[in-house]
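# Structural features, examined
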Amino acid sequence: MRVALLLTPALSLIIILFIGGIVLAIMQSVGYLPMIGKTDFSLDAYRNILLDHRFRMSLGLSLYISFVSTAISTVLAVACGLLIRSVIRGKKSLAFIFQLNLSVPHIVGAVAILLLLSQSGLLSRAAYALGLISVPSDFPVLTGDYWAFGVIAQYVWKEVPFIGIVVLAVLTGPTKDFEAAARSLGASPWQTFRRVTLPILTPAVLATSIIVFAFTFGYFEVPFILGRRFPEVLPVLAYRAFTNPDLGLRSEALALNVVLVFVVTNLIIAYRFVIHKYIR
Amino acid sequence: MNSVSHPKTKLSISRHLKILAITLMIVLLLLPFIALLPWAFSKSWYFPDLIPEHFSLRGWRAVLAPRSRLIEGLINSTLIAGVVALVSTAIGLFTGRALGIHKFRGKRTIELLLLAPVIFPTIAVAMGIQVTFIRLGLANTLPGVMLVHLVPTIPYVSLVMGGVFANYDVQFEDQARVLGSGPFRTLFRITVPMVKAGLIVAGLFAFILSWSEFMLTQLIGGGSVITLPLLLFTFVRSDIQMAATLAIIYLLPAIAVLGLTARYMTEDSSAVGGIGVV
């Protein structure tokens, strides 16, 4: 009873606003749009987007960006975490610099990466100063490019510290004692890493990586600033359909969001599986 | 002799490699800021100049000019993030207590439900709920925007306060009550002071999350509620000097919050710090 009372504010807000929002998104995606006089159930929106090759390209692009960003961030985060732990003097300051961009809003990061990587950006100027290029167009296209290099660079820059903090937190536990035990039993540094450190890190890091994947998959601002005009990631595609003056596209915009939610739901199932397998 | 000098050289090589790796890490982390900063203090910064030729405050004058709507954005952002931080912290106090102290049936499901907004895309929530907010008259208003900002903040305050209450000793409250203290007195004289550091950290997280939020403000604010990220989005397309200048203004409170959080956080809870902003 007391517990129910304590949980009421948070639960009611999450149920009304969050669950409510998702349910309303699903309802509007299947044709419940009283504001434009449509209330008939229909799966037209889903048929339209599934038949549209732009949707398939967007889904592919979104999955590609999230997968590559998450994989690179995870590997680098483990490396950075181990590196920071091995430092003796100045460890605190180093950890602070490492955490610095955790609180940096993503939009600021995206603007900064744009000014760093664009063809007239800082790196391009540095390449000129070194005599590598003579005009901006000689510099490789790294923003708004085919491989989404700029988008991935921004995500990696932001998420390495995010995962890295988790790595550092796990490493401050009794990990050191286990590693010392392995070493004293004759394990090589690589064997110790492979057989002791990595298995200890895996559950927490994997769980954090899944959050990063889901986050980058549903995020709008970074690909909007740093991505290509075509194909666009799913959230940008959904946003364009949603803000289109043609209200007939509303159902499709919401259907795209339901696809996002569907993919993320499967990730959560994977997440729970990971937690169950390793932590319990 | 050889066998002694050999591991020494090896050690020194690995030492150099380590210093190199650390330098590389710091440079890569700071490089985007280095690309951003000069734009806010230059008159014109044409390719291929590595350093701007003329120092200028044009960006600052343009951003501070009334037609840039900076003051409006600053007031709205601060007001929204401030109220959202206060309300979420109060909610977190209750939720954290329930999750940290009590054991009950369905606890894992409730925890999962409370954390779900972290992992689900806010864009789906924003687009789904927009029409209803318009119908209820909540769209295009500050309270409406504050209300939806609670969706991303509740998971974090619950997480932080749940952790705080997991290490909390309820017996102090029992003693206060035995000595004749009423429930409100106990709350404000015993409970709140004991979890103060946690409340501050939770509040700072909520502030940063609301401060960084774009999509919920854009769709629920409907262009009537202008905040700093919305202005930044417009400037990126129109005037890169103004964008860089605004980015710095927008960044400072975030960095300040990080500094403050570090003061109130012990080493083991620093893992939560990372979750602050995905």
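Quick look at the structure, then. (Residues numbered from 1 in each chain as written. Chains lettered and ligands numbered in written order. Predicted model: local features only at pLDDT ≥ 70, side-chain atom pairs only at ≥ 80, totals over all residues.)

## A look at the overall build of chain A
Within chain A one finds 12 helices and 0 strands. Each helix and strand of chain A, ordered N terminal to C terminal, gives the series α-α-α-α-α-α-α-α-α-α-α-α. Buried positions account for 46% of the 280 residues belonging to chain A. Within chain A, contacts between residues separated by at least 24 positions form 71% of all contacts whose residues are at least 6 apart in sequence. (Helix = DSSP H or I, 4+ residues; strand = E, 2+ residues; numbered from the N terminus. Buried ≥ 20, exposed ≤ 12 C-beta atoms within 10 Å, placed from the backbone. Contact = placed C-beta atoms within 7 Å.)

## What about the environment of A:Gly21?
Looking at where A:Gly21 falls in the secondary structure, it is placed in helix α1 (residues 2–29). Its 26 C-beta neighbours within 10 Å are what place A:Gly21 among the buried residues. When sequence neighbours within four positions are dropped, the list of residues in contact with A:Gly21 reads B:Ala124, B:Val125, B:Gly128 and B:Ile129.

## Structural notes on the environment of A:Thr216
Residue and element names in this part refer to chain A. Position of Thr216 among the secondary structure elements: in helix α9 (residues 189–217). Separated by 147 residues in the primary sequence, Thr216 and Ser69 place their C-alpha atoms 8.1 Å from one another. Here Thr216 is in contact with Ile65, Ser66, Ser69, Thr70 and Tyr155, once residues within four sequence places are set aside.

## A word on the interface of chain A and chain B
Opposite the 75 residues of chain A that make contact, chain B presents 72 residues. Looking at the side of chain A that touches chain B element by element, the count peaks at 16 residues for α1(A). Along the lines of polarity and charge, the residues of the side of chain A that touches chain B split into 58 nonpolar, 15 polar and 2 charged. (Nonpolar A, V, L, I, M, F, W, Y, C, P; charged D, E, K, R; others polar.)

## Observations concerning helix α7 (residues 171–178) of chain B
By the criterion of burial, α7(B) is predominantly exposed, with just 0 of the 8 residues buried. A positive backbone phi angle near 100° is found at B:Gly180, which sits one or two residues after α7(B).

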